[in-house]
Amino acid sequence: MPKNNAISKKQVVLPAITAALVLTLAPTMAFAQNPHFIGRPNCDVDSQGNLDCSGRIAGLGNVEGVDANLVADVSATFGCDNPGRGIHIPPGQPTDAQEVEGDTETLPVRNGQARFSLSIDAPEPSEGFECPNQNWDVVLVEVTYTNVRVEIDGDTLPIPGTFSEELIRV
């Protein structure tokens with residue numbers, strides 16, 4: 001112990017350096033992300049079979065923007081429209097199931113929140129789906145999206161519900 005209860009340089013400098021490091025690192029640790037929806041997102045299937053979802057996300061932290069996209073499982077029925085007046089699709093067309101995703105978009109963040117409007121294009125038939133001849137057109141008859149979710153910077157936010165549309169009545 002120093003003479004006359006004096007404090008040594010080590011006793012002052014080491015705690016000061018430790019405090020400076022803690023204060024420097026603390027702001028980055030204090031803004032952890034916990035993304036969640038504000039309310040319930042709105043999703044619709046349009047007349048072309050595209051899935052469009054919009055809403056608000058909070059808990060994004062102190063950032064300028066986040067990357068987000070829409071992902072879903074889709075079940076689609078395709079048919080072959082034979083030539084002639086009106087739409088003539090023979091019954092018994094195959095159903096195709098696959099996972100699909102929309103383009104990634106950067107959402108601006110303000111006060112830890114962001115509005116989103118994301119979409120997934122209508123599915124295409126699997127490779128090998130062909131109509132009897134080149135005069136027939138491949139058409140999307142019906143589409144159903146399930147397990148819909150927003151993927152945002154590594155987090156997944158599920159959107160409850162099933163979203164379907166019968167595009168052509170067979």
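Quick notes on the rules
- All residue numbers here refer to positions counted from 1 along the written sequence of the relevant chain.
- Two thresholds apply to this predicted model, a pLDDT of at least 70 for residue-level local features and 80 or more for giving and counting side-chain atom pairs, whereas whole-chain, interface and lining totals are computed over all residues.
- Each side-chain value is derived from all of the structure's non-hydrogen atoms; neither hydrogens nor water enter the calculation.
- Note on conventions: DSSP H or I runs of at least 4 residues are helices, E runs of at least 2 residues are strands, and numbering of each starts at the N terminus.
- Only protein chains enter the calculation, and the probe is 1.4 Å; a residue is then buried if its accessible area is under 20% of its type maximum, exposed if over 50%, and partly exposed in between.
- We call two residues in contact when some of their heavy atoms are within 4.5 Å.
- By convention in these notes, a salt bridge is any Lys or Arg side-chain nitrogen within 4 Å of a carboxyl oxygen on Asp or Glu.
- Pairs of cysteine sulfur atoms within 2.5 Å are what we label disulfides.

(A) Just the environment of Val-148, in detail. The topology assignment puts Val-148 in strand 7 (residues 137–152). Take Val-148: its relative accessible area is 1%, and that puts it in the buried class. Measuring from C-alpha to C-alpha, the distance between Val-148 and Leu-70 comes to 7.3 Å, with 78 residues separating the pair along the chain. Those residues in contact with Val-148 that sit more than four places away from it in its chain are Leu-51, Cys-53, Leu-70, Val-71, Ala-72, Pro-158, Ile-159 and Phe-163.

(B) Broad picture of the pattern of salt bridges. Scanning the entire structure with this criterion turns up two salt bridges. In this structure, Glu-99 engages Arg-149 in a salt bridge whose closest nitrogen and oxygen atoms are separated by 2.6 Å. Here Arg-149 lies in strand 7 and Glu-99 lies in strand 4 (residues 95–101), a separation of 50 residues in the sequence. By relative accessible area, Glu-99 is classed as exposed at 51%. For Arg-169, the salt bridge identified is with Glu-166, shortest N-O distance 3.4 Å. By relative accessible area, which is 72% here, Arg-169 ends up exposed. Using a relative accessible area of 41% as the deciding quantity, one classes Glu-166 as partly exposed.

(C) Representation of the state of the cysteines in the model. Taken as a whole, this structure holds two disulfides when the rule is applied. Between the sulfur of Cys-43 and that of Cys-53 lies a disulfide, 2.1 Å long from S to S. With the S-S dihedral at roughly 115 degrees, the linkage between Cys-43 and Cys-53 falls on the right-handed side. Pair noted here: Cys-43 is in strand 1 (residues 36–45) and Cys-53 is in strand 2 (residues 51–58), with a separation of 10 residues, a long-range link.

(D) View of unusual backbone geometry. The backbone phi angle of Asn-111 is positive, close to 55 degrees, even though this residue is not glycine. Within the secondary structure, Asn-111 is located in the loop between strand 5 (105–108) and strand 6 (114–120). Phi at Asn-147 is positive, roughly 50 degrees, even though this residue is not glycine.

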